[in-house]
Amino acid sequence: MTGMRTALRALATVAAATALLATAGVSPAPAQARPGSAVADARSEPKAPDGFVALRSMDPTIIQEMRYTTAHTFLGERVDGYRQPVCILTRPAARALRLAQQRLLRQGYSLKVYDCYRPQRAVDHFVRWAKDLGDRSMKGEFYPLVDKGRLFEDGYIAEKSGHSRGSTVDLTLVRLPAAPTRPYRPGERLTPCFAPKGERFPDNSVDMGTGYDCFDTLSHTDDPRIQGVQRANRQFLKRTLTEVGFGNLPEEWWHFTHRPELFPDTYFDFPVDRRSVGRL
């Protein structure tokens, strides 16, 4: 009987350990991974260096709507390298967002991130898409007035992105309490990203005058055509983030970079995956 109790305790210990790993989003490693298997491929992927963290580990209250893990993108599909909807940033950038969030919560607002660290393979995906002039499936929403053949010339697409250095984030403000944004349904009717808020794709963000990733000059942070509440919302977001060390890209109201950058000259290519910033 004593031996049976010992065996049961051992099984319970193994089960508890497995459950803990599953809760953490990690599977126990097999004795040996076959070359070419999914596990082996995951292990062979580059990992984030010291200095990167998952934003949720720093501040779980910041809303995350990681668009590039979904089909609701200007490409019309999930972006290469985005395996899990997790925001990864350099530690200084994440720490600064936590400080901004603490200030916003006291005023009844929350930050919401759309994109954080972006692997180089995702940028390469953007470039391939931009060169395929026949693919205009999402033009009606994201770039209704822009000739796709001018995306490089007009600066909407580039072969390198500051996001790949880990200190740049795309984000907005949400008034609390916030209802979740409904999922995008592939094939649904598209509405221009600069249409009135009640007409364009629903987003629980405050009204910023355009939707996220809107390829239009109306997305310029200080475009003079954006007035009233929309302008006030943009300035509130910009002011809040500037106070904690972020600089805004003038062409995109949602785009901010924390400075000084931890990795100012390095473009990383590890996947957006919890395992990139932790153990397998």
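How each quantity is defined
Residues numbered from 1 in each chain as written. Predicted model: local features only at pLDDT ≥ 70, side-chain atom pairs only at ≥ 80, totals over all residues. Heavy atoms only, no water. Axes fitted to C-alpha atoms, helices over the stretch in contact; angles between N-to-C directions. Helix = DSSP H or I, 4+ residues; strand = E, 2+ residues; numbered from the N terminus. Parallel < 35°, antiparallel > 145°, perpendicular 65-115°, else oblique. Left-handed = near helix turned anticlockwise from the far one by under 90°. Contact = heavy atoms within 4.5 Å. Nonpolar A, V, L, I, M, F, W, Y, C, P; charged D, E, K, R; others polar. Phe/Tyr/Trp six-rings, centres within 6.5 Å; stacked < 30°, edge-to-face > 60°. Buried < 20%, exposed > 50% of the residue type's maximum accessible area, 1.4 Å probe, protein only.

Visitor: For this particular structure, what's the right way to read the packing of helix α4 (residues 91-105) against helix α7 (residues 228-242)?
Guide: When two helices pack together, their arrangement is captured by the angle between the axes and the distance separating the axes. Orientation of α4 relative to α7, taken along the N-to-C sense of each, is 125 degrees, at an axis distance of 9 Å. Considering the angle they form, α4 stands oblique to α7. For the crossing formed where α4 meets α7, the hand is right-handed. Along its contact with α4, which presents Leu 97, Ala 100 and Leu 104, the element α7 presents Phe 236, Thr 240 and Leu 241. Residues that form the contact of α4 with α7 fall into these classes: 5 nonpolar, 1 polar and no charged.

Visitor: Just checking my understanding: could you explain the packing of aromatic side chains for this structure?
Guide: The geometry of an aromatic ring pair is captured by two quantities: the separation of the ring centres and the angle between the planes. Scanning the model with the defined rule gives 22 aromatic pairs in all. Taking the centre distance of 5.5 Å and the plane angle of 80 degrees together, the rings of Tyr 68 and Tyr 82 count as edge-to-face. A residue pair is termed long-range when its members are at least 10 positions apart, and Tyr 68 in the loop between β2 (63-64) and β3 (88-90) and Tyr 82 in the loop between β2 and β3 qualify at 14 residues. There is no split in this pair, since Tyr 68 and Tyr 82 are both buried.

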